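# A closer look at the structure
Each chain is listed here by its residues.
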Amino acid sequence: MHSAAFDLGWFCAPPLLAALAVLLLPALRAADTPSWGWLLFVVFIDVGHAYASLYRTYLDPEEFARRRSLYVYLPILCWVAGMILYRMSALAFWRAFAYLAVFHFVRQQYGFMRANARLEGPRPVWEERLDAAVIYATMLYPLVYWHADPARKFWWFVSGDFVRLNAWAGGWAGGVYAALLAAFALRQLVRLRARLPVNPGKMGVVLSTAAAWYVGIVATNSDFAFTATNVVAHGVPYLALVWLY
């Protein structure tokens, strides 16, 4: 999207390094996120990346003029809807907020994968769908596992914000995930053998996303590990996008 070094360093490396740090540093697998970790990961990176979007929207005169109604009225409508929802049920508010955040996190990684995959040139529709299925599976499998495992000792916003699934759902999702990974890997090998382009950025996004989400949710049972991997994988690449803009 910018250069090989920039893309690999800011879009692929952060999730992978966060996963490695969690595996190598026991302090990052603490049951709860300490105050310094909350300030670093939540305030500095997560909140920081949200406010950085101001440079792309409200502080850009051309963009703000192009979608003035959206930027003025949508936040007001969301605030009113959130207030009504919270008045109805605090859990319903946090549950809706959690799933909206999940959608936001998942779609970002899909976007990074698609931006790199386009550099491979025209491809069959089925191959584009396989790429999409794999990047989604790198995140949806850990999420299904989380929903189906009552032993997970962390949550997205508040305890109980995710609905509970039957225990068999985690194993079923894992089988689908393994099959998709195998099909994806086989297809990349076939492309290499046929001397077709395989974009390293696409591969980097898929592998680093898989590492961060698996380590942060499935391999560890720690609020701090989940926070570190989840926030770094999402916030740092987004800050890099704003910097490029």
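The structure presented is a predicted model; accordingly, all values stated were derived computationally and were not measured.

Secondary-structure assignment places phenylalanine 226 in helix α9 (residues 223-244). Taking the C-alpha atoms as reference, phenylalanine 226 lies 28 Å from tyrosine 55; in sequence the two are 171 residues apart. If near-sequence neighbours (up to four positions away) are discounted, phenylalanine 226 is found in contact with Trp146, Phe154, Trp155, Trp156, Gly216, Ile217 and Val231.

A few words on unusual backbone geometry. Peptide bonds are mostly trans, and most non-glycine residues show a negative phi. Phi at arginine 195 is positive, roughly 60°, even though this residue is not glycine. Counting through the fold element by element, arginine 195 comes out in the loop between α7 (168-193) and α8 (200-219).

Glancing now at the packing of aromatic side chains. On inspection of all chains with the given rule, the structure shows 26 aromatic pairs. Centre to centre, the rings of tyrosine 86 and phenylalanine 93 are 5.4 Å apart; their planes meet at 80°, and the pair counts as edge-to-face. Three or more aromatic residues joined by ring pairs make a cluster, and in this case those are Tyr99, Phe105, Trp146, Phe154, Trp156, Phe162 and Phe226.

Turning to α8, a few remarks are in order. When you tally the buried positions in α8, you get 15 out of 20 residues, the bulk of the element. Where α8 begins, the side chain of asparagine 199 points an oxygen toward the backbone nitrogen of glycine 201, at a separation of 2.8 Å.

Interaxial distance between α7 and α8 falls to 13 Å at its minimum, and their mutual angle equals 155°. Judged on the interaxial angle alone, α8 and α7 are roughly antiparallel. Crossing hand, α7 versus α8: left-handed. Contacts between α7 and α8 involve Tyr177, Phe184 and Gln188 from the first element and Lys202, Met203, Val206 and Ala210 from the second. Tallied by class, the residues present in the contact of α7 with α8 amount to five nonpolar, one polar and one charged.

The next thing to look at is the pattern of salt bridges. This structure, assessed with the given rule, holds eleven salt bridges. A salt bridge links glutamate 63 to arginine 56; the nearest nitrogen and oxygen atoms lie 3.8 Å apart. Residue class for glutamate 63 comes out buried when judged on its relative accessible area of 8%. By relative accessible area, arginine 56 is classed as partly exposed at 37%.

How each quantity is defined
Residues numbered from 1 in each chain as written. Predicted model: local features only at pLDDT ≥ 70, side-chain atom pairs only at ≥ 80, totals over all residues. Heavy atoms only, no water. Helix = DSSP H or I, 4+ residues; strand = E, 2+ residues; numbered from the N terminus. Contact = heavy atoms within 4.5 Å. Phe/Tyr/Trp six-rings, centres within 6.5 Å; stacked < 30°, edge-to-face > 60°. Buried < 20%, exposed > 50% of the residue type's maximum accessible area, 1.4 Å probe, protein only. Polar contact = N/O pair within 3.5 Å; in protein donor to acceptor, adjacent residues only side chain to side chain. Axes fitted to C-alpha atoms, helices over the stretch in contact; angles between N-to-C directions. Parallel < 35°, antiparallel > 145°, perpendicular 65-115°, else oblique. Left-handed = near helix turned anticlockwise from the far one by under 90°. Nonpolar A, V, L, I, M, F, W, Y, C, P; charged D, E, K, R; others polar. Salt bridge = Lys/Arg side-chain N within 4 Å of Asp/Glu carboxyl O.

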